[in-house]
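Residue-level listing of the chains:
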Amino acid sequence: MGLFLILLVLTIGAFGFLIGRLKAIKLRSASQKKITSLNHYYGYYIAIFAIVPSLLVFLAITAFQGYIVEVYVLSDFIDLNPNLLASDKNLLLAQIVNTSKGIELFDEISPLVTDAVDKYIYIEELIDTLTYVIVLSVAGLLSLVAYVKIKSNLDSRKFVESFLLILFFTCSLVAIMTTVGIIFSLLFQTLKFFSQVPITDFLFGLNWSPQRVFVRDSGDLDTRDLQNAFGAIPLFAGTFLIAFIAMCVAIPVGLMTAIYLAEYASPNLRDWAKPIIEILAGIPTVVYGFFAALTVAPIVRDLGQNAGFTVSSESALAAGFVMGIMIIPFVSSLSDDVINSVPQSLREGSYAMGATKSETIRKVLLPAALPGIIGSFLLAVSRAIGETMIVVMAAGLAAKLTANPFDAATTITTQIVVILIGDQEFDSPKTQAAFALGLTLFIVTLLLNFIALQVVKKYTERYD
Amino acid sequence: MFDASANLKKRLKSERRFQIFCITAISFALIFVLILFLNIFSSGYSAFYKTTIAIDVDYSQVIEDTTQFAAMSDDEINKLDLFRFSKKSIYSLFPDIEDRKEKKLLIRIFSIEYEDEIKQFLIKNKENIKKIETVYLTASDDVDQVRKGNYPRDLPEERRRIKDIQLEYYDILENNGRVKYVFNIPFLTRGDSREPELAGVGGSIVGSFLTIITVLILSFPIGILAAVYLQEFAKSNRFTDFIEININNLAAVPSIVFGLLGLGIILNVFGLPRSTPLVGGIVLSLMTLPTIIIATRASLRAVPPSIREGALAVGATKMQAVMHHVVPLAMPGALTGTIIGLAQALGETAPLLLIGMVAFVVDVPSSPLDASASLPVQVYLWAESAERGYVEKTSATIMLLLGFLILLNLAAVLIRRKFETKW
């Protein structure tokens, strides 16, 4: 129904455009005076008046519709029981909505609910009709006003252009709003979390077992459980271990690949090898996760057992190795750019001294490109820390403090997914803990990126 | 004395060693791409086929005069109780079996929806049903895996789910030419299922499609307009710098954080429905916006100032110069960036897990407000399932996903090749 209304409004807008243009053409031929703007700007003038305010009104109504319906439909229930819990409200509402659609999930329906269903159908219809009337009349009235306002001395171009500028500006604000949204959602829950669990327990605690925390029937929490369930050190250690393994794969392979492509490969080889390596960056991470869990993990286990280690079926090594492969293109393409931007004169100077190619690379190019290369490593580390699917599928879920790569390890991202997947009880310290982990992740990756960009920036300034 | 030639030999040797290291590294990366693709393809292609077994169904036992079926509506046929009749039809394959347990095992060769399949055959051919028809029923997952050779037959009986006697039945049926290996169309059209042989990716393909369309509708206009503002109109002041820093940071934020944003704000504050492509699309749009904005800005920057100045010189306003001349010229670059952003969004899983797009959904969604899965989430869901049949399904889903990604990237490359102007 919303879509139909929007289409109606757009039709009014299109109609307004035609009318406005016609009026402008008439004005132009009728009066000998000059008209300030081109004809179609008068069309847009009416269209903007018709469409924009009415759509804003529509959005506002839809935003409040749910709230109004809830208050009206549940009023009887709230009269009976003034302190109804939010979860019970949602349950009741779902029951009412389902019954009104003819879906009967519950055997008995109390008369109160039947009443509420009638009320629900009534208010929904009322709001729908009202929305139509209000939105369409706003669109119609305003286009009329705009039509009347069109005179030969109205500068509609200026109006249209400043409207567009405001629209553009609003679009660019989305980026800020996203950041604000992220920080707000993370911070809000995290602060709630830290009001129950001290921040020092979270940052320095050695034991992570949020599944032990239950909300009791009475609604309060077992404080003994809280004290010892949210120590995030094992997660930090696991994240670090897996990222370290990943970097052990990605740094040498990525860097050597970059060197080969930049310095040795013929342009031909470069043209087809580079895209193939970039493919690695385009493969969805869930594919790597599947590959790690199903193919690499058994190989690692067999190899490890043959060498006499006890290897768990979900090992940090398998996850880290595959993650390392995933990161190769990040390291190699960034390093490639950096190596290529080292001035040719440095190479030639080195060759002139009689150095071989590898000596030039090791003793001249790499030191010169080092800041940029380190920047690329840092960016890769931040990728590795934030990567989710590979570790969720291949690295294990139980948190324990270990430095053994053959052991299962868990990471920050894994725990966020484990806690929040499926249905969550909101407002429990367990879900809030996931947001606290998210905030930690956000801050750490932001810092890494910031440092990396600073390092790269400093380096590029040197040669430009 | 200093021996120059020996030293040179050593240096040349180390040169060669260095090159070998480099070549090893690059071949390692290339070989890995190859292994990954081979591995997925070799384990996945068989999911596009399924095993069916022919049984003879005597429809005259339902209604004596089979021409009467033509007069029945589909609903009426669906309401018929053909359960015992279907079972009997299957037993007729081996009339000698008396033992109830063995009968049960025989039934288990087939997928559990055999009654429905017999009905569907009836509905499809109700105009001219013969007395006895040959109906191909989907084989159970275990039999299917045996047929495909994914199931080691030499395992001791107690360690496999398929029993010796069932294998015996199957071999007899195969020798009688009753086993047919056909293209698995339901795999591409159906929704998820608890039975591997019946599970399909149709639901998640549609879910992914709806999500991507939402991303396109939201992020393409917003991304391009934001880029136009920042590149062409914004005065360089603190606020503009702040927006730019924000965009660059957002591009580096781990995807799962966007999932937390979706959960914390879009679901819990705005109250949009969980598990839907609409919410998934909104979250992924926020994630792809930086990619689109950065790419569009780069291509706007590449349009030479002479274009703008030319337009201004003949009396265009700044807005006209930008919208009529600069933006159309930058469009190929913007489109390429958008498509690459869409490809990223299509392969993204983690944020969707948090907003509940992991629900087990049997129905194919019909609007962005229906609960649904998406292709990468389907991969995750099936990869976590224990049944053997899901392994090939997972790989096949990955093949489809990679196929779509390759198509998208190909489109991006083609647009770039065709329309790119070097200034």
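Being a predicted model, the structure only gives us computed values, none of them experimental.

## Things to note about the overall build of chain B
- In terms of regular secondary structure, chain B is built from 17 helices and 3 strands.
- Taken over C-alpha atoms, the radius of gyration comes to 30 Å for chain B, far larger than the 22 Å a tight globule of 423 residues would show.

## What to know about the environment of Pro277 of chain B
Residue and element names in this part refer to chain B.
- On the secondary structure map, Pro277 appears in helix H12 (residues 277-302).
- Pro277 gets classed as buried once you count the C-beta atoms within 10 Å, which come to 29.
- A sequence separation of 90 residues divides Pro277 from Ser367, and the C-alpha atoms of the two residues are 8.2 Å apart.
- Setting aside its immediate chain neighbours within four residues, Pro277 contacts Gly207, Leu210, Thr211, Thr214, Pro365, Pro368 and Ser372.

## Observations regarding the nonpolar core
All names here are of chain A.
- One finds Ile242, Ala292, Ala319, Val322, Ile390 and Ala394 to be the most contacted residues of the largest nonpolar core, which totals 187 residues.
- Ranked by the residues each element gives to this core, the list is headed by helix H9 (residues 233-264), at 19 residues.
- Beyond its immediate sequence surroundings of up to four residues, Ala292 is in contact with Ala297, Ala318, Ala319, Val322, Ile390, Met393 and Ala394.

## Focus: the interface of chain A and chain B
- Listed per partner, the contact involves 64 residues of chain A and 63 residues of chain B.
- At 18 residues, helix H6 (residues 156-196) of chain A tops the list of elements feeding residues into the side of chain A that touches chain B.
- Taken together, the residues of the side of chain A that touches chain B break down into 41 nonpolar, 21 polar and 2 charged.

## Some thoughts on the pairing of strand E1 (residues 49-58) of chain B
Residues and elements named next belong to chain B.
- Where E1 lies against strand E3 (residues 179-183), 5 bridges are found, and the strand directions are antiparallel. Across the sheet, the residue bridging to Thr52 is Lys180, located in E3.
- Of the pairings in the sheet, the one linking E1 to strand E2 (residues 132-138) comprises 7 bridges and is antiparallel in character. Pairing of Ala54 across the sheet is with Tyr136, part of E2.

## Overview of the domain arrangement of chain B
Residue and element names in this part refer to chain B.
- Along its sequence, chain B is carved into domain 1 (47-183) and domain 2 (202-419).
- Taking only C-alpha atoms into account, the centre of domain 1 sits 46 Å from that of domain 2.
- Tallying the contact residues gives 7 residues for domain 1 and 7 residues for domain 2.
- Taken together, the residues of the side of domain 1 that touches domain 2 sort by class into 3 nonpolar, 2 polar and 2 charged.

## Structural notes on the environment of Gly396 of chain A
- Here Gly396 of chain A shows up in the loop between helix H15 (389-394) and helix H16 (412-420).
- For Gly396 of chain A, a count of 23 C-beta atoms within 10 Å corresponds to the buried category.

## A short note on the packing of helix H1 (residues 2-30) of chain A against helix H5 (residues 111-149) of chain A
Residue and element names in this part refer to chain A.
- In contact at an axis separation of 10 Å, H1 and H5 are set at 10° when each is read in the N-to-C sense. Of the possible angle classes, the one that applies to H1 and H5 is roughly parallel. Residues Leu5, Leu8, Val9, Ile12, Gly16, Ile19, Gly20 and Lys23 of H1 touch H5, and the partners they reach there are Thr131, Tyr132, Val135, Leu136, Ala139, Gly140, Ser143 and Tyr147.

About the criteria used
- Residues numbered from 1 in each chain as written.
- Chains lettered and ligands numbered in written order.
- Predicted model: local features only at pLDDT ≥ 70, side-chain atom pairs only at ≥ 80, totals over all residues.
- Helix = DSSP H or I, 4+ residues; strand = E, 2+ residues; numbered from the N terminus.
- Rg over C-alpha atoms; globule rule 2.2 N^0.38 Å.
- Buried ≥ 20, exposed ≤ 12 C-beta atoms within 10 Å, placed from the backbone.
- Contact = placed C-beta atoms within 7 Å.
- Core = buried A, V, L, I, M, F, W, Y, C linked by C-beta atoms within 7 Å.
- Nonpolar A, V, L, I, M, F, W, Y, C, P; charged D, E, K, R; others polar.
- Pairing = 2+ DSSP bridges.
- Domains from an automatic or database assignment.
- Axes fitted to C-alpha atoms, helices over the stretch in contact; angles between N-to-C directions.
- Parallel < 35°, antiparallel > 145°, perpendicular 65-115°, else oblique.

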